[in-house]
Amino acid sequence: MPIEEDPPQGRRAPARRAGDHGRYGRLSRERVLATALQLVDREGLSALSMRRTGAELGVEAMALYRYAAGKDALLDGLVEALYAELEERLAASPESPGWRDELHRIAAETYAVALAHPHVAPLLATRMLAVPLARRPLAVLRDHERILTVLGRAGLDEETTVMAFRAVTGWLLGYVLGDLRAMVDNPDEPDPAFRLGLHRMPARELPRLRDAAPILARHGGPAGLAAGLDALLDGFTRGAA
């Protein structure tokens with residue numbers, strides 16, 4: 001099912017009415033986003049629409065526009081929900097005293113949240129391409145602030161701190177998406193080569209890729225994430241006070 005379009009430009013969100021009381025009580029933004037997240041977790045992003053989310057809550061789609069103004073707002077809300085979950089996970093364990101250990105803790109929890117919601121995780125990249133910095137959900141901005149603050153404890157100057165922030169956040173997002181990318185061509189095929197569809201890839205043109213494909217098909221896991229993060233941090237902090 002395609003994602004439903006926004007209401008026509010100029011249409012204002014309807015005021016609260018009886019239809020705002022869903023199957024399990026009064027609606028709230030948190031309930032709407034949680035329901036949308038559950039729907040996408042269960043059926044994938046293509047199942048998401050205002051109408052379908054309303055049906056899950058037991059209300060008409062128009063009742064949701066008070067809490068999400070349309071398609072884009074609902075997508076941004078899913079990103080917000082993931083970062084809110086990250087904040088909850090970070091709050092549940094003590095902050096590490098060392099700045100490097102704290103970055104590893106943030107990265108590991110971000111990775112865990114993304115892998116728990118694989119259908120939503122790609123939005124962490126695509127919505128950041130569409131939404132200017134100041135318009136991103138507050139939970140996202142708090143994550144940016146958190147990482148910049150921790151990097152600031154490494155003794156770097158401001159310019160290098162920003163460069164490290166870009167590298168760290170880019171590595172984390174790229175690693176997550178790499179672990180979620182589709183690799184298996186035929187899941188019912190027991191032979192590894194045919195399972196990956198290597199016979200579809202020309203051997204003379206792509207010898208290195210064919211050789212690496214079985215390794216690429218494995219999840220890199222937290223260890224690979226940590227190793228890459230350390231390599232980046234070593235490069236930025238070499239010679240720093």
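Before any of the text, the structure's been laid out above.
Residues numbered from 1 in each chain as written. Predicted model: local features only at pLDDT ≥ 70, side-chain atom pairs only at ≥ 80, totals over all residues. Heavy atoms only, no water.

Before going further, it helps to spend a moment on the overall build of the chain. Assigned secondary structure in the chain consists of 10 helices and two strands. The order of α-helices and β-strands along the chain, N terminus first, is β-β-α-α-α-α-α-α-α-α-α-α. Counting the 241 residues in the chain, one finds 40% classified as buried. Surface exposure of the chain reaches about 13600 Å², of which carbon and sulfur atoms provide 56%. (Helix = DSSP H or I, 4+ residues; strand = E, 2+ residues; numbered from the N terminus. Buried < 20%, exposed > 50% of the residue type's maximum accessible area, 1.4 Å probe, protein only. Areas by Shrake-Rupley, 256 points an atom, 1.4 Å probe, with all protein chains shown as cover.)

Turning to the pattern of salt bridges, a few remarks are in order. Scanning all chains against the criterion turns up 16 salt bridges. The shortest N-O distance in the salt bridge between Glu-109 and Arg-89 comes to 2.8 Å. One end of the pair, Glu-109, is in helix 4 (residues 99–116); the other, Arg-89, is in helix 3 (residues 71–91), and 20 residues separate them in sequence. A relative accessible area of 17% means that Glu-109 is categorised as buried. Take Arg-89: its relative accessible area is 33%, and that puts it in the partly exposed class. One salt bridge connects Asp-230 with Arg-100, and the closest N-O pair in it is separated by 2.9 Å. (Salt bridge = Lys/Arg side-chain N within 4 Å of Asp/Glu carboxyl O.)

Compared with an ideal rise of 1.5 Å per residue, which puts 15 residues at 21 Å, helix 1 (residues 29–43) spans 21 Å between its outermost C-alpha atoms and is within 8% of the ideal. In this structure, the buried residues of helix 1 make contact with helix 2 (50–57) and helix 3. Note on helix 1: the residue one or two positions beyond its end, Gly-44, has a positive phi of about 95°. (Expected span 1.5 Å × (residues − 1). Contact = heavy atoms within 4.5 Å.)

Let us look at the nonpolar core. Membership of the largest hydrophobic core comes to 55 residues, with the highest contact counts inside it found for Leu-48, Leu-74, Leu-78 and Leu-151. Taken together, the elements giving at least two residues each to this core come down to helix 1, helix 2, helix 3, helix 4, helix 5 (123–130), helix 6 (138–152), helix 7 (158–180) and helix 10 (221–237). If one sorts the elements of this core by residue count, helix 3 sits on top with nine residues. (Core = buried A, V, L, I, M, F, W, Y, C linked by side-chain atoms within 4.5 Å.)

What follows deals with the packing of helix 4 against helix 10. Remark: helix 4 packs on helix 10, axes separated minimally by 10 Å, with the N-to-C direction vectors making an angle of 140°. Taken together, the axes of helix 4 and helix 10 lie oblique to each other. Seen from above, helix 4 lies across helix 10 with right-handed handedness. Across the interface between the two elements, Trp-99, Arg-100, Leu-103, His-104, Ala-107, Ala-108 and Tyr-111 from helix 4 touch Gly-221, Pro-222, Leu-225, Ala-226, Leu-229, Asp-230, Leu-233, Asp-234 and Thr-237 from helix 10. Within the contact of helix 4 with helix 10, the residues separate by chemical class into 10 nonpolar, three polar and three charged. (Axes fitted to C-alpha atoms, helices over the stretch in contact; angles between N-to-C directions. Parallel < 35°, antiparallel > 145°, perpendicular 65-115°, else oblique. Left-handed = near helix turned anticlockwise from the far one by under 90°. Nonpolar A, V, L, I, M, F, W, Y, C, P; charged D, E, K, R; others polar.)

The next subject is the packing of aromatic side chains. Here the distance between the centres and the angle between the planes together describe a pair of aromatic rings. Counted by the stated rule, this structure contains two aromatic pairs. For the ring pair Trp-171 and Tyr-175, a centre distance of 5.2 Å and an interplane angle of 50° mean the geometry is tilted. Residue Trp-171 and its partner Tyr-175 are located together in helix 7, separated by four residues, close to a single helical turn. Look at Trp-171 and you get partly exposed, because its relative accessible area is 29%. For Tyr-175, a relative accessible area of 11% gives the class buried. Through successive ring pairs, a cluster of aromatic residues spans Tyr-111, Trp-171 and Tyr-175. (Phe/Tyr/Trp six-rings, centres within 6.5 Å; stacked < 30°, edge-to-face > 60°.)

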